[in-house]
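Geometric and topological summary
Residue-level listing of the chains:
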Amino acid sequence: MRSTPDLCDDHADAISVAEPIFSNFGGRERFGGQVVTVKCFEDNSLVKELVGTQGEGRVLVVDAGGSMRRACLGDMLAETASTNGWAGIIIYGCIRDVDEIMLTDIGVQALGLHPMKTEKKGIGEQGISVTFAGITIYPGDYLYADNNGIIVSKEALK
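Throughout, residues of each chain are indexed from 1 in the direction in which the sequence is written. Totals for whole chains, interfaces and linings use all residues, but because this is a predicted model, local features are given only for residues with pLDDT of at least 70 and pairs of side-chain atoms are given and counted only at 80 or more. Only heavy atoms go into the side-chain values, all of them from the structure, while hydrogens and water stay out.

With that settled, the discussion passes to the overall build of the chain. Comment: elements are numbered from the N terminus, with helices defined as DSSP H or I runs of at least four residues and strands as E runs of at least two. From N to C terminus, the chain includes four helices and twelve strands. Every radius of gyration here is taken over C-alpha atoms, with the globule rule written as 2.2 Å times N^0.38, N being the number of residues. The C-alpha radius of gyration computed for the chain amounts to 14 Å, which stays within 12% of the reference 15 Å derived for 158 residues, consistent with globular compactness. Referenced to the eigenvectors of the C-alpha coordinate spread, the extents of the chain come out at roughly 40 × 30 × 25 Å. The classification of residues rests on relative accessible area computed with a 1.4 Å probe and restricted to protein chains. Under 20% of the type maximum is buried, over 50% is exposed, and intermediate values are partly exposed. Evaluated residue by residue, the chain yields a buried proportion of 48% over its 158 residues. Here, two residues are considered to be in contact whenever any of their heavy atoms come within 4.5 Å of each other. Partitioning the intrachain contacts of the chain with sequence separation of at least 6 by distance along the chain shows that 73% fall at a separation of at least 24. His residues and chain termini do not enter the charge count, which takes Lys and Arg as positive and Asp and Glu as negative. Here the site of a charge means NZ on Lys, CZ on Arg, CG on Asp, or CD on Glu. Taken as two groups, the 14 positive and 22 negative side-chain charges of the chain have centres that lie 6 Å from each other.

Right, let's get into the pairing of strand β6 (residues 88-95). Along any regular strand, the residues point their side chains to alternate faces of the sheet. The buried fraction of β6 amounts to seven of the eight residues, a majority that puts the element mostly inside the structure. When strand β4 (residues 59-63) meets β6, the two strands line up parallel, connected through five bridges. Note on β6: the bridge partner recorded for Asp63 is Tyr92. By this definition, two strands are paired if DSSP reports at least two bridges between them. Here strand β5 (residues 71-73) pairs with β6 via two bridges, running parallel. Paired with Leu73 across the strands is Ile95, a residue of β6. As paired elements, β6 and strand β7 (residues 107-113) share six bridges and run parallel to each other.

Below, the discussion takes up unusual backbone geometry. With a phi close to 50 degrees, Glu56 is a non-glycine residue in the positive phi region. The phi angle at Ala133 is positive, at roughly 55 degrees, despite the residue not being glycine. In this fold, Ala133 is placed in the loop between β9 (130-132) and β10 (135-137). Overall, the relative accessible area of 7% leaves Ala133 in the buried class.

Let us now look at the side chain of Ser153. Looking at where Ser153 falls in the secondary structure, it is placed in strand β12 (residues 149-153). Here a polar contact is taken to be a pair of N or O atoms separated by no more than 3.5 Å, where protein atoms must pair a possible hydrogen donor with a possible acceptor and residues adjacent in sequence count only if both atoms sit in side chains. Of note is the side chain of Ser153, whose polar atom sits 2.4 Å from the backbone oxygen of Glu155. Beyond its immediate chain neighbours, meaning those up to four positions away, Ser153 contacts Ala14, Ile15, Asp141, Tyr142 and Tyr144.

Another point: the environment of Asp6. Position of Asp6 relative to the elements: it lies in helix α1 (residues 4-11). On the accessibility criterion, Asp6 (36% relative accessible area) is partly exposed. Counting along the chain gives 152 residues from Asp6 to Lys158, while the straight-line C-alpha distance between them is 9.7 Å.

Encoded structure:
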């Protein structure tokens, strides 16, 4: 995958760029793919369910409401996602088990780190548009992420 700056240079009129509020924590520093969305708040039940399915090179985008009180992803879910072929996970919220996640073959970007796990109440939505970091992301969009930032387009970029 090409860098996000190169993609921005070549496709400026076809992309949205997320505000620079995310940090890169995964074993893959550069990743991209078609988007699957989840919206949840301090409950990662749907995240656990989705990473247990075949990722097929897609990117899971999780709108965790920007919560800085609970971690929506840990090492076990990241490992499951990697094993099932997910390219990466974007968490608009926190993750935990960062040392293990950094060793896992998956891209992970999040707002920050928190040691407390979420509760499992089965609350959340999937397959809906999510808005954060100054952009709206729709299921089926294409997301590209690296240490330079996150960009989203309606079509796959080369």
